[in-house]
Amino acid sequence: MKTDRRAAVFALALMMAGLAGACRQDMHDQAKYEPLEASELFADGAASRSPVAGTVARGFLREDDALYRGVDGEGQLVERLPLEVTRALLERGRDRYDNFCSPCHDRLGDGRGMIVRRGYKQPPSLHEERLRQAAIGYFYAVTTEGFGQMSSYATQLSPEDRWAVAAYVRTLQLSRRITRAELSDDDLARLAESAAEAAAAPAPEGAAPGEEGP
């Protein structure tokens, strides 16, 4: 009796294994087109279908011309930042500027970055009157499209990051021209505190007394 039962269980296991193998093989061999495979069904001979003309991926409609293209309704460069100016935005702009822009423009915007000092063509100073008077949309456009020997950074920087950089460039420009009369009492106090800390800082190793570091 036990022998018959074992034989029946063994036969059932073999049958299930065969069915499972057949099912798996059917899944492998089912009728389907592989990516980029040819097909006689469509006039262009390709099985893969292209998106309908004018199709826009979800989240990429980008109707806001000011935000995504830096121009107003008349196609002119915008004069105002299309984002709220916050400390976080400026800090993000400084971070992106230091990473992507300072190798040429240096961290102060004078155009004497490290690769310029090693032979690359020097860009204009961001403090030139021409650039100080330029619309903020100009800096967004240049970062997006490139200019002269400067390549586009549209791939590396999102639209929001490009605006953050433009806002930080304005901050650099303002830092050279603002007067004490335009500063608040809190600003003046922070400046005095920073100056005192700098004066109290130890001289760089190897520097002569009264000599500044590099």
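It should be noted that the structure appears before, not after, this text.
Below is a summary of the structure that appears in this document. Here the structure is a predicted model, which means the values were calculated and not measured. (Residues numbered from 1 in each chain as written. Predicted model: local features only at pLDDT ≥ 70, side-chain atom pairs only at ≥ 80, totals over all residues. Heavy atoms only, no water.)

We now examine the pattern of salt bridges. Going through the model one piece at a time under the given rule, you end up with 13 salt bridges. The partner of Arg96 in a salt bridge is Asp95, with the nearest N and O atoms 2.6 Å apart. A salt bridge links Arg107 to Asp98, with the nearest nitrogen and oxygen atoms 3.9 Å apart. The exposure class assigned to Arg107 is exposed, which follows from its relative accessible area of 54%. Connected via shared salt-bridge partners are Arg94, Asp98 and Arg107. (Salt bridge = Lys/Arg side-chain N within 4 Å of Asp/Glu carboxyl O. Buried < 20%, exposed > 50% of the residue type's maximum accessible area, 1.4 Å probe, protein only.)

This next bit is on the packing of aromatic side chains. Enumeration over the complete set of coordinates arrives at 4 aromatic pairs. A ring pair is formed by Phe100 and Tyr153, whose centres lie 6.0 Å apart and whose planes are at 70 degrees; its orientation type is edge-to-face. Here the residue Phe100 occupies a position in helix H3 (residues 87-105), and Tyr153 occupies one in the loop between helix H6 (136-145) and helix H7 (159-177), the gap between them amounting to 53 residues. Sitting over the ring of Phe42, Arg49 keeps its end group 3.8 Å from the ring centre. (Phe/Tyr/Trp six-rings, centres within 6.5 Å; stacked < 30°, edge-to-face > 60°. Helix = DSSP H or I, 4+ residues; strand = E, 2+ residues; numbered from the N terminus. Lys NZ or Arg CZ within 6 Å of the ring centre and 35° of its normal.)

Quick look at the layout of surface pockets now. The gaps left among the atoms become clear once a water-sized probe is rolled over them. Considering only enclosed or pocket space, the largest pocket measures out at about 940 Å³ in volume. Forming the walls of the largest pocket are 18 residues, and the residues nearest its centre are Arg94, Thr171, Ser175, Asp187 and Leu191. By residue number, the principal contributor to the lining of the largest pocket is H7, which donates 6 residues. For the lining of the largest pocket, the class distribution of residues is 8 nonpolar, 3 polar and 7 charged. Taken as a whole, the second largest pocket holds about 600 Å³ of empty space. (1 Å grid on protein atoms, 1.4 Å probe; cavity = no way out; pocket = protein on both sides within 12 Å on 5 of 7 lines; lining within 4 Å. Points joined across faces, edges and corners; volume = space filled by probe spheres on them. Nonpolar A, V, L, I, M, F, W, Y, C, P; charged D, E, K, R; others polar.)

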